[in-house]
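Spelled out, the chains give:
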Amino acid sequence: HLQEQRFGTPMSALFIGRPDAAELVGVCEQLIGPAFGAPSEFGYAGSIGPISVSDRTRELLQRLGDTLTREAQLRGLFGIDFILADDIPWLVELNPRYTASVEVIERALGRALLAEHASACGHSTATVRERPAPNRVIGKQIVFATRELIVPSLDHLFEADGQTPESPLIADIPARGSHIANGWPICTVFAKEDCVAGCRKKLVARVRLVITAAELGHADVARQ
């Protein structure tokens, strides 16, 4: 099939579909392509959010969400990917499922979105937290290998930065000694800041730290 090429900012929007309407939970900027380490031009590398958008953009996203909920009878969590240009969200695709940005929005807003998903799907036993006002920006980025590697242990890489089991700063961790091909994902890193620029900067630093640790540890693991 053919798609029109549209220049703008790659974004995503997360919704919860309910019988009456869709709730627009949050919007994220997507990290796409080689500029963020992805091995392909349109490869997904991560998300940062929540992102503030104009009233016009929010209105159009809400209309999209309501239409999809009504016409496709969507329930629970779903997302759309779009290109934002001149405040208009140009739809790229619909993801009628748990999306990559859920854990970003969930951390940023302090909401238990899987419980809300279950509730929206009619499970009355689901426990839903109260909704605190958003007060931080969360980022996640996939770290891709820049060469073939045998990875060392990465579990404790960010302990000094305050990593906790409830809010890990590194995830999708491979077992020590795993073989990672060039261009394959090594793990995922997270960052929390007060602004998008600061969050992006921290993600860059953590990606570099993982790559450096993996490359330095490669020789040690290979020798053993």
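Source: prediction; values computed, not measured.

Novice: Just to check I follow, could you spell out the layout of surface pockets for this structure?
Specialist: The gaps left among the atoms become clear once a water-sized probe is rolled over them. Reported here for the largest pocket is a volume of approximately 700 Å³. Lining the largest pocket are 20 residues, and of these Q3, R6, F42, I83 and V92 sit closest to its centre. Ranked by the residues each element gives to the lining of the largest pocket, the list is headed by strand β5 (residues 88–95), at 4 residues. For the lining of the largest pocket, the class distribution of residues is 11 nonpolar, 4 polar and 5 charged.

Novice: Please explain the packing of aromatic side chains as it appears in this structure.
Specialist: Any pair of aromatic rings gets described here by the distance separating the centres and the angle formed by the planes. By the definition in use, this model includes 1 aromatic pair. Above the plane of the ring of W90 lies R6, whose end atom (NZ or CZ) is 3.6 Å from the centre. For R107, the ring lying beneath its charged end belongs to F190, and the centroid distance is 4.0 Å.

Novice: Please clarify how unusual backbone geometry should be interpreted in this entry.
Specialist: With the exception of glycine, the majority of residues adopt a negative phi angle, and the majority of peptide bonds are in the trans configuration. P50 follows G49 through a cis peptide bond whose omega is 0°. Following the sequence through the fold, P50 ends up in the loop between β3 (44–49) and α1 (55–72). With a phi angle near 55°, D86 is a residue other than glycine that sits in the positive phi range. Accessibility expressed as a relative area gives 70% for D86, which makes it exposed. Residue D87 is not a glycine yet carries a positive backbone phi of 70°. Here D87 shows up in the loop between β4 (76–85) and β5. Its relative accessible area of 34% is what places D87 among the partly exposed residues.

What counts and how
Residues numbered from 1 in each chain as written. Predicted model: local features only at pLDDT ≥ 70, side-chain atom pairs only at ≥ 80, totals over all residues. Heavy atoms only, no water. 1 Å grid on protein atoms, 1.4 Å probe; cavity = no way out; pocket = protein on both sides within 12 Å on 5 of 7 lines; lining within 4 Å. Points joined across faces, edges and corners; volume = space filled by probe spheres on them. Helix = DSSP H or I, 4+ residues; strand = E, 2+ residues; numbered from the N terminus. Nonpolar A, V, L, I, M, F, W, Y, C, P; charged D, E, K, R; others polar. Phe/Tyr/Trp six-rings, centres within 6.5 Å; stacked < 30°, edge-to-face > 60°. Lys NZ or Arg CZ within 6 Å of the ring centre and 35° of its normal. Buried < 20%, exposed > 50% of the residue type's maximum accessible area, 1.4 Å probe, protein only.

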